[in-house]
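So the chains spell out like this:
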Amino acid sequence: MRFVDEYRDPAAARALVARITELAGDGHYKFMEVCGGHTHTIYRHGIEHLLPTSVELVHGPGCPVCVIPMGRIDDAISVAQAPGVIFTSFGDMMRVPGSRGSLLGAKAQGADVRIVYSPLDALRVAVDNPEQPVVFFAVGFETTSPSTAATVLKARQDGVMNFSVFSNHVTIVPPIKAILDSPDLRLDGFIGPGHVSTVVGQRPYRFVPDEYGKPLVTAGFEPLDILQAIQMLLTQISEGRCCVENQYTRCVSEGGNPRALAILDEVFEVRPQFEWRGLGFIPESALKLRPEFANWDAELRFEVPGVRVADPKACQCGEVLKGAIKPWECKVFGTACTPETPIGTCMVSSEGACAAYYNFGRLHREVAVTMGGPR
Amino acid sequence: MCLGIPGEVVDLLDSNRHLAKVDVAGVRRNINIDLLEDENVVPGDWVLIHVGFAMAKIDEEEARRALEGLQLMGQAYSDEVQAVLESQIA
Ligand code: SF4
């Protein structure tokens, strides 16, 4: 019971698992979590092995690092290699492989690539190096994009003209839609993302029950939150209800954060198309800077090759991201593809399903044994 | 990279620049509170910090639970705290 004992309230965890088992009965339910933070919690705490076999969790495309296609990494590298450029990025992006290596490789070859924690740190680099163009590699869902937007507004307010943003911001709703439209996947409901929802609120998810007839419950990041969300999903199903519910009321409100949404809308507009690794092109699924902010748009200031690169043949990230296969079912998992030498993006970030499983999978099996659990 | 870390607001600095000083895991750092400008953040409030910005106001109980949860994450948590501490937002 080691893992259950790690939970804040082991008795509550056991009670939830019992209730889930009872509600699921002889059925078989597949729920997808669309947030990398949830994927991490699920693996870290061996949640899949606490659950009865009647409940299966599928890990969706909720890690923003994992969904950036090869071509965009190649573009980032070519901007980083432009004369005089200081290229700034979150640490997670450094190892993501493009078709000609990663940003880490480009740095080893002499490009000035620096890791930053915040877009504001990137802006500061620009202030400190007024003679050099400083580019920020912006990635992330609505959790992160308002921060980039606020930074661009600050750059304009302070007249920092040598700063620009290479935007790869994506939005949460279109991939959920794409997954619901994909024929090879049968899902019974969604565990909605936590932090993204503090920004967007609950309203944008209403199409999931209204148009697709699937329940969605927004959840927090503790193991108990996830278990409770699963229980809420099953309760809806057993009562014949189907709606958007909020387990994470501690942080998420119905309307989200209106100011963050307003800032986002002031700076960004929706791209007609954006390519997602493994999922292909998804319409209106990403953000670019509005024309008023052309000076701060790296895609307008630099030569961006924009070549489309197919995912590597061996890579099955697409199937993992759609939940069609489990990480360890990929042929190169743990052999050719490891966190040190990732082939696919799901192995790079600690929130990617493959890396999470690689890091915690062993514990997983231990849990199964110590629990004498269902698997 | 999607982690949010709880911090306690200890001081409001330049309101023009939306700066606040927070206590994160016992260390004081500046963060930007522009995104919470409508929520009247005051010293003593707890906020969830992501990439240098306060993204949501939370209560003390949630902050404590979030911290405990994060500590269970081990490496990912220490990396995130380290990153916050290395950041120099002004
Ligand atoms: S093991 Fe590697 S290549 Fe296979 S799906 Fe995972 S990240 Fe992609």
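Whatever comes next refers back to the structure up there.
Counting restarts for each chain, with residues numbered from 1 along the sequence as it is written. Just so you know, chain letters begin at A and ligand numbers begin at 1, following the order they were written in. Note on the predicted model: pLDDT of at least 70 is required for a residue's local features to be given, and 80 or more for side-chain atom pairs to be given and counted; whole-chain, interface and lining totals, by contrast, use all residues. In computing side-chain values, all of the structure's heavy atoms are included and hydrogens and water are not.

### Some details on the overall build of chain B
Move 1: Along the backbone of chain B there are 2 helices and 5 strands.
Move 2: When the helices and strands of chain B are placed in sequence order, the string is β-β-β-β-β-α-α.
Move 3: Burial classes: relative accessible area under 20% of the type maximum marks a residue as buried, over 50% as exposed, and values in between as partly exposed (1.4 Å probe, protein chains only). Taken over 90 residues, chain B has a buried fraction of 54%.
Move 4: We call two residues in contact when some of their heavy atoms are within 4.5 Å. Here the contacts in chain B between residues at least 6 apart in sequence split such that 43% fall between residues at least 24 apart. The way it works is that DSSP assigns letters per residue, a run of H or I at least four long becomes a helix, a run of E at least two long becomes a strand, and they are numbered from the N terminus.

### Some words on the interface of chain A and chain B
Move 1: Contacts between chain A and chain B engage 40 residues on the former and 35 residues on the latter.
Move 2: Once two parts are put together, the accessible area they lose, assessed with a 1.4 Å probe and summed over both, is termed the buried area. Taken together, both faces of the contact between chain A and chain B bury some 3300 Å²; the carbon and sulfur share is 56%.
Move 3: Summed over the three residues of chain A that lose the most area to chain B, namely Tyr117(A), Arg250(A) and Arg259(A), the buried surface amounts to 22% of that side.
Move 4: In the sections that follow, a salt bridge refers to a side-chain nitrogen of Lys or Arg positioned within 4 Å of a carboxyl oxygen of Asp or Glu. Between chain A and chain B we count 3 salt bridges in total.
Move 5: The salt bridge involving Asp158(A) is made with Arg17(B); its shortest N-O contact spans 3.0 Å.
Move 6: Polar contact is the term for a pair of N or O atoms within 3.5 Å; when the atoms are in protein, one must be able to donate a hydrogen and the other to accept it, and sequence-neighboring residues count only if both atoms are side-chain atoms. Run the count over chain A and chain B and you get 7 residue pairs in polar contact (both at pLDDT 80 or more).
Move 7: Counting only elements with at least two residues in the side of chain A that touches chain B, the list comes to helix H3 (36–44), helix H7 (119–128), strand E5 (134–140), helix H8 (145–157), helix H10 (195–200) and helix H13 (258–267) of chain A.
Move 8: Sorting elements by how many residues they give to the side of chain A that touches chain B places H8(A) first, with 6 residues.

### Points about the pairing of strand E11 (residues 273–276) of chain A
Residue and element names in this part refer to chain A.
Move 1: For two strands to be treated as a pair, DSSP must find no fewer than two bridges joining them. With 4 bridges joining them, E11 and strand E12 (residues 280–283) adopt antiparallel strand pairing. Bridging across to E12, Glu 275 finds its partner in Phe 281.
Move 2: Hairpin connection of E11 to E12: 3 residues between the antiparallel strands, including Gly 278 at a positive phi of 80°.

### Re the sheet that holds E5(A)
Residues and elements named next belong to chain A.
Move 1: The parallel open sheet is built from 4 strands, whose spatial order is E4-E3-E5-E6. Unpaired on one side and paired on the other, strand E4 (112–115) and strand E6 (163–169) mark the two borders of the sheet. On average, each strand axis in the sheet is tilted by 25° relative to the strand beside it, whichever way the strands run.
Move 2: Relative to E4, strand E3 (residues 86–89) is paired through 4 bridges, and the arrangement is parallel. Across the sheet, the residue bridging to Ile 86 is Asp 112, located in E4.
Move 3: Angles run from 0 to 180 degrees between N-to-C directions of axes, and those axes are lines fitted to C-alpha atoms, restricted for helices to the stretch in contact. Running at roughly 160° to E6, H8 makes contact with E5 and E6 of the sheet.

### Structural notes on the environment of Glu62(B)
Move 1: Tracing the backbone shows Glu62(B) in helix H1 (residues 60–72).
Move 2: Glu62(B) gets classed as buried once you look at its relative accessible area, which sits at 3%.
Move 3: Expressed as a C-alpha distance, the spacing of Glu62(B) and Leu48(B), which sit 14 residues apart in the sequence, is 9.7 Å.
Move 4: Sequence-distant contacts of Glu62(B), defined by excluding residues within four places in its chain, comprise Tyr248(A), Arg250(A) and Cys251(A).

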